[in-house]
Amino acid sequence: MKKFLIFLSASIFAALFVGCSGTGADAVQPKKARKIALHGYVYQDISLVETLKKASDMKVDGVVLTKRQFIGGKYPNARVDEKMTPEQRAYVKKLFSDFGLEIAGFGVYSIPVSQIDSHLDFCADMGIGVFTEENPRSDQKFWNAAAAKRGIKIALHHHGKKTNEYWNPETIAAVVSDYENIGVCADNGHWARAGVDICSAYKKIGNKLVMLHFKDVIMPEGKDTYLGGGALDVPRMLETLDCLGFDGYFVLEYEGGDRKNLDSIMRKSVEFLRAH
């Protein structure tokens, strides 16, 4: 009987790891509801107010701020940026509260070291927990120190091969490994176009994943589409992320050019994530 119980326990233990086979995770993490955000960059041709209405209608959890948008509503000509007045900041905070949404982040920007404090002071004042940037290695020590003072997480972002060295998962993982307050904002679309194995990249970065720009891609064209509509193995990516215990935002980006069907594309992606 004792041998049987030992065998049974071992079988149950092994079964728990089946869902993470091939992911390299050390343990299965309990699955949580995914936090989903729209990126204001995707809706840069409309105001933040209008974007929040769409986000609320799609039942996502947050919106990432971008300087490319105007606030709208009471302040149609004011940019969403660190130069917002106290009144404008209060107005935006109330908008998010009224819609039941979180300010999921701010960025992505490459900015001079002299402007780090003003940007992170803005984040601290607005209750923004993550700022995404794409600055040189030599600047990262300044970002790390400034973030530590304010309790903010920095997410180093990457684009494609033509932008800088950060597209390489090994490179960006090595850069952030030296800093307690800097992680990675990973973009699986840029990785796909660069020929990177996405799941291996997630594992390489591991617990330094802070935020995701999440999308599906039609290959070999490399054109963005809704989740589940492209060539990427999105369920496998999600399984890998679950096994790694990722609990940050899945920020939905779409840069495929189909503005007419943008809302439908974003809604399909939201529905896909909620169903998986």
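Report on the accompanying structure. (Residues numbered from 1 in each chain as written. Predicted model: local features only at pLDDT ≥ 70, side-chain atom pairs only at ≥ 80, totals over all residues. Heavy atoms only, no water.)

Attention shifts here to the sheet that holds strand 12 (residues 249-252). Pairing within the closed barrel is parallel, and its eight strands lie in the order 1-2-5-6-7-8-9-12. If you compare each strand with its neighbour and ignore which way they point, the axes differ by 30 degrees on average. Across the sheet, helix 4 (residues 116-126) touches strand 2 (62-65), strand 5 (102-109), strand 6 (130-133) and strand 7 (153-157), and the angle it forms with strand 5 is around 170 degrees. Across the face of the sheet, helix 10 (residues 262-275) comes into contact with strand 1 (35-39), strand 9 (209-214) and strand 12 while running at roughly 155 degrees to strand 12. (Pairing = 2+ DSSP bridges. Helix = DSSP H or I, 4+ residues; strand = E, 2+ residues; numbered from the N terminus. Axes fitted to C-alpha atoms, helices over the stretch in contact; angles between N-to-C directions. Contact = heavy atoms within 4.5 Å.)

Looking now at helix 4. Within helix 4, burial applies to I116, H119, L120, F122, C123 and M126. Angular distribution of buried residues about the axis of helix 4 spans 150 degrees; they occupy a single face of the element. Against the buried residues of helix 4 lie strand 2, helix 3 (86-99), strand 5, strand 6, helix 5 (140-150) and strand 7. (Buried < 20%, exposed > 50% of the residue type's maximum accessible area, 1.4 Å probe, protein only. Arc of directions from axis to C-beta.)

Quick look at the pairing of strand 4 (residues 75-79) now. Regular strands place their side chains on alternate faces of the sheet. The sheet contact formed by strand 3 (residues 70-72) and strand 4 spans two bridges and is antiparallel. Opposite G72, over in strand 4, you have Y75 as the bridge partner. In textbook terms, the turn of a hairpin is the stretch between consecutive antiparallel strands, and for strand 3 and strand 4 this stretch comprises two residues, one of which, G73, has a positive phi near 60 degrees.

A few words now on the environment of P76. Residue position: P76 is located in strand 4. The sequence separation of P76 and L48 amounts to 28 residues, and the corresponding C-alpha distance is 9.5 Å.

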